[in-house]
Amino acid sequence: MTSTPIHHPVVIVGAGLGGLTLARVLHVHGIEAVIYELEAGRDARTQGGMLDIHEDSGQEALRAAGLHDRFRTLVHPGGEATRVVDPQGTVRLREADEGDGTRPEVDRGRLRDLLLDSLPEGTVRWGSKVTGARPLGGGRHEVTFADGSTVTTGLLVGGDGAWSRIRPLVSPATPAYTGISFVESDLLDADTRHPDSAALIGGGSFFCLGDGNGILAHREPDGSLHLYTALKIGPDWLATIDFTDTDAAKKAVLAHFDGWADSLRALLADADGPLVPRHIHALLVGHRWDRVPGVTLLGDAAHLMSPFAGEGANLAMLDGAELGRAIAAHPGDTEAALAAYEAALFPRSEASAVESAGSLDLMFGDRGLERLLDLFAAHGQ
């Protein structure tokens, strides 16, 4: 005899910020959900750097989740400071954080912990690798895991990122390479161990652009500097570099920055620990799908875009909040809830994807530095 699969009314795949926000908003409204997450536990890996949480999206989601006051205690003082430098090392823009901005900076890991701690024990099922899902009819789906087990659900939400296993249920779309790659690195205990670099970066965000490349950075609450060396390269270039040989990798990347000021080159040359390469992918601007019973997407699974408008995490959280609100507003009518959610999701995400693609072209196209300065000036920064 075969046992009957476990059934959950709501299954969320992926314990990213969007999936966690959805689960929290549902919990606030007394609706049970479970999250299946590939990672072995909350501390399985570091969660990346700083996020600027926007007033009209990420913060709105946190209000819906009843967590905004606790979020404010996590804000990094001074994190909204901005500095723009040219490749010769000349500071072209310097703005202090006056504490009155609408995009406070917070550590991604601490924000994730805030959401995790707000959920009932057992909501997140760690170490669960989803390998696929299939419709069963009537809006129900079966989800399959790497160990061969299955669960069924009446509402399946794909919050599982760029290479979502749930997206094929609603769309054949796959992400495409944007032409930009990052090499991420860190300068630890910067004020003590790397004082010149710490003085150059300042207390918040840092931008330096030239010749289609760039160095982007921000200061972390622990005093480290997290850097994104941005390269306008073909999709195969990173694969030609042995990133297990950190010194050789640094030399290969720095070859793209010949003629830049020594102080800027030192940001990478002096990096502590390994370099982490990453291609930047995006879904087609305006990605959407026809209504499919019992399943939807949020976050990068729905609208992966480049990070150059700072919208990804904010949109994922807003998606989760809005989907949770829609489900609560349509008790017993999943299709009405999903239709209402997607009707707002598609134009909202398209507008942000247009902005993100435009920012990528602006920053890494001709006169990128000057155009970025013009953009800051136009926004009164």
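This text follows the structure it describes.
Keep in mind it's a predicted model, so treat the numbers as computed, not measured. (Residues numbered from 1 in each chain as written. Predicted model: local features only at pLDDT ≥ 70, side-chain atom pairs only at ≥ 80, totals over all residues. Heavy atoms only, no water.)

### Looking at the packing of helix α1 (residues 17–28) against helix α4 (residues 108–117)
Right, so step 1: As a packed pair, α1 and α4 sit with axes 9 Å apart at the nearest point and diverge in direction by 25°. The orientation of α1 with respect to α4, classified from their angle, is roughly parallel. Note on packing geometry: the crossing formed by α1 with α4 is left-handed. Along its contact with α1, which presents L17, L20 and T21, the element α4 presents R108, L111, R112, L115 and L116.
Right, so step 2: The class makeup of the residues in the contact of α1 with α4 is five nonpolar, one polar and two charged. (Axes fitted to C-alpha atoms, helices over the stretch in contact; angles between N-to-C directions. Helix = DSSP H or I, 4+ residues; strand = E, 2+ residues; numbered from the N terminus. Parallel < 35°, antiparallel > 145°, perpendicular 65-115°, else oblique. Left-handed = near helix turned anticlockwise from the far one by under 90°. Contact = heavy atoms within 4.5 Å. Nonpolar A, V, L, I, M, F, W, Y, C, P; charged D, E, K, R; others polar.)

### A few points about empty space enclosed by the protein
Right, so step 1: Inspection of the entire model under this criterion finds one cavity of 30 Å³ or more.
Right, so step 2: Taken together, I215, T229, L254, F257, L264, R265 and L268 make up the full set of residues lining the largest cavity.
Right, so step 3: Residue contributions to the lining of the largest cavity peak at three residues, all from helix α8 (residues 262–269).
Right, so step 4: Per-class residue counts for the lining of the largest cavity are five nonpolar, one polar and one charged. (1 Å grid on protein atoms, 1.4 Å probe; cavity = no way out; pocket = protein on both sides within 12 Å on 5 of 7 lines; lining within 4 Å. Points joined across faces, edges and corners; volume = space filled by probe spheres on them.)

### Concerning the layout of surface pockets
Right, so step 1: If you add up the space inside the second largest pocket, you get close to 200 Å³.
Right, so step 2: If you go around the second largest pocket, you meet 19 residues; those closest to its centre are A282, L283, V285, A353 and A357.
Right, so step 3: The element contributing the most residues to the lining of the second largest pocket is helix α11 (residues 334–364), with eight residues.
Right, so step 4: Looking at the lining of the second largest pocket residue by residue, the class counts come to 10 nonpolar, seven polar and two charged.

### As for the sheet that holds strand β5 (residues 91–95)
Right, so step 1: Read across the open sheet, the seven strands follow the order β5-β4-β12-β13-β14-β11-β15; overall the sheet is mixed. Each of the sheet's edge strands pairs with one partner strand only, and the pair in question is β5 and β15 (272–282). Ignoring strand direction, the axes of neighbouring strands in this sheet form an average angle of 15°.
Right, so step 2: With four bridges joining them, strand β4 (residues 82–85) and strand β12 (residues 205–210) adopt parallel strand pairing. (Pairing = 2+ DSSP bridges.)

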